[in-house]
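Structural characterization, general
Okay, here's what each chain looks like letter by letter:
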Amino acid sequence: MGLAGFYGFFALFVGLFTKLGLWAMLNVAYPKDDVELLSTVSLIAFAVAVMCFAYAIHQHRKDSVRFVAAPLLAFFVAASIALTPWFAKNIREGIEQKVPLSVSVLISGVLFPSPADVSSLRTPEENAAISKAKENAAMSASGKTTNEDLGRYFGYENGINNHLKLPFNLTYQRNQPGEYTEITFIFLALLPAVFVFLAFRHPAFALAPVAVFLFEYFYFWNPRTSVILTEFFSNVSLPGGYFVIAAITLLPLA
């Protein structure tokens, strides 16, 4: 479905994860208590997805069945066949343990009997204190998780630096020192240069990948500008930071 289909799927992904609260399962810090904001973000994401998919279908309207409907139907059938045993198992566990069906149960199942709910025996202040203690145990004071795998991939930087620096940190193993065992850094180093030599409709369009290439130099390699840019992005947090990440990584491809 082309680039429009890609943006539509990305918007659908953001909308579903926001609506179903799946960001928490990825240890992503987001304002989960602001129901109105999350509903608005989900609605906007779904609207963008519909518009992108509609535009993609319009582009292939002459052969919509062959280019759009048939592949989507095949993917849906294949995904359903692959996921049905997993979902059936989790639903059965939930029914056996008499646990209300939810997204968490559908994804993770119920491996052990749920503990008895004794919150009604405590005062509201005690319940709030216990909930706060559990939250503090899972998250550090700065909002970063103590999960080892998350730290290995995202490090311990502030703001959206973890996301923008992810390719660089993984390539050069900045978060987990050790021997270099693969050659991804070669392809990563050449990738920005490839965009410079693409056939653009107008020569001025080539300035976009050149700008990205310069940004990577000043952000990753130049010590003085790297400090300034890192400090700037440390004050940009999620979910609003996704607009910055998308602008830097996706818009040049448009």
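Residues numbered from 1 in each chain as written. Predicted model: local features only at pLDDT ≥ 70, side-chain atom pairs only at ≥ 80, totals over all residues. Heavy atoms only, no water.

**Section: helix α11 (residues 223-234)**
Along an α-helix, residues three or four positions apart point the same way, because every turn accommodates 3.6 residues. The terminal C-alpha atoms of α11, which comprises twelve residues, lie 16 Å apart, in line with the 16 Å expected from a rise of 1.5 Å per residue. Buried within α11 we find S226, T230, F233 and S234. Seen from one end, α11 has its buried residues packed into an arc of 100°, which puts them on one side. Facing away from the buried surface of α11 by more than 90 degrees, the exposed residues are R224, I228 and F232. (Helix = DSSP H or I, 4+ residues; strand = E, 2+ residues; numbered from the N terminus. Expected span 1.5 Å × (residues − 1). Buried < 20%, exposed > 50% of the residue type's maximum accessible area, 1.4 Å probe, protein only. Arc of directions from axis to C-beta.)

**Structural notes on the packing of helix α1 (residues 2-19) against helix α2 (residues 35-59)**
It is the contact of α1 with α2, at a shortest axis distance of 8 Å, that shows an interaxial angle of 155°. In terms of their interaxial angle, α1 and α2 are classed as roughly antiparallel. Like other packed secondary-structure pairs, α1 and α2 cross with a definite hand, here left-handed. Residues A4, G5, Y7, G8, F9, A11, L12, V14, G15, L16, T18 and K19 of α1 form the contact with α2, whose own contacting residues are L38, V41, S42, A45, F46, V48, A49, C52, F53, Y55 and A56. (Axes fitted to C-alpha atoms, helices over the stretch in contact; angles between N-to-C directions. Parallel < 35°, antiparallel > 145°, perpendicular 65-115°, else oblique. Left-handed = near helix turned anticlockwise from the far one by under 90°. Contact = heavy atoms within 4.5 Å.)

**Points about the side chain of T230**
With respect to the helices, strands and loops of the structure, T230 is situated in helix α11. Residue classification places T230 among the buried positions, given a relative accessible area of 18%.

**Topic: a nonpolar patch on the surface**
Together, V210, F213, L214, Y217, F218 and W221 make up an exposed nonpolar region whose accessible area comes to about 550 Å². Within the fold, Y217 resides in helix α10 (residues 207-221). The class of Y217 is partly exposed, set by a relative accessible area of 39%. (Patch = residues over 30% accessible without salt bridge, like charges linked within 9 Å, V, L, I, M, F, W, Y side chains within 5 Å. Areas by Shrake-Rupley, 256 points an atom, 1.4 Å probe, with all protein chains shown as cover. Salt bridge = Lys/Arg side-chain N within 4 Å of Asp/Glu carboxyl O.)

**Focus on the nonpolar core**
Counting residues in hydrophobic clusters, the biggest one holds 16 residues, and the most contacted among them are W23, I160, L164, Y219, F233, L238 and I245. With three residues, α10 is the largest single contributor of residues to this core. Discounting residues that sit within four places of it in the chain, I160 has contacts with F233, V236, S237, L238, G241, V244 and I245. (Core = buried A, V, L, I, M, F, W, Y, C linked by side-chain atoms within 4.5 Å.)

**Details of a negative patch on the surface**
On the surface, a cluster of negative charge is contributed by D33, D34, E36 and E135. The topology assignment puts E36 in helix α2. (Lys, Arg positive; Asp, Glu negative; His and termini not counted. Charge placed at Lys NZ, Arg CZ, Asp CG, Glu CD.)

**Notes on the confidence of the model for the protein chain**
Residue-level pLDDT values for the protein chain average 79, and 78% of them are 70 or greater. The least confident element of the protein chain, judged by mean pLDDT, is helix α6 (residues 148-154) at 65; the most confident is α11 at 92. (pLDDT = per-residue confidence, 0-100.)

**Thoughts on the pattern of salt bridges**
Scanning the model with the defined rule gives three salt bridges in all. The salt bridge involving K89 is made with E93; its shortest N-O contact spans 3.1 Å. Here the residue K89 and the residue E93 both occupy positions in helix α3 (residues 64-96), the gap between them amounting to four residues, near one helical turn. Judged by its relative accessible area of 35%, K89 falls in the partly exposed class.

**Considerations on α10**
Here α10 contains 15 residues, and its C-alpha end-to-end distance of 20 Å stays within 8% of the 21 Å for a straight helix at 1.5 Å per residue. Along α10, the residues that are buried comprise P209, F215, Y219 and F220. With its buried residues spanning 115° around the axis, α10 presents them on a single face.

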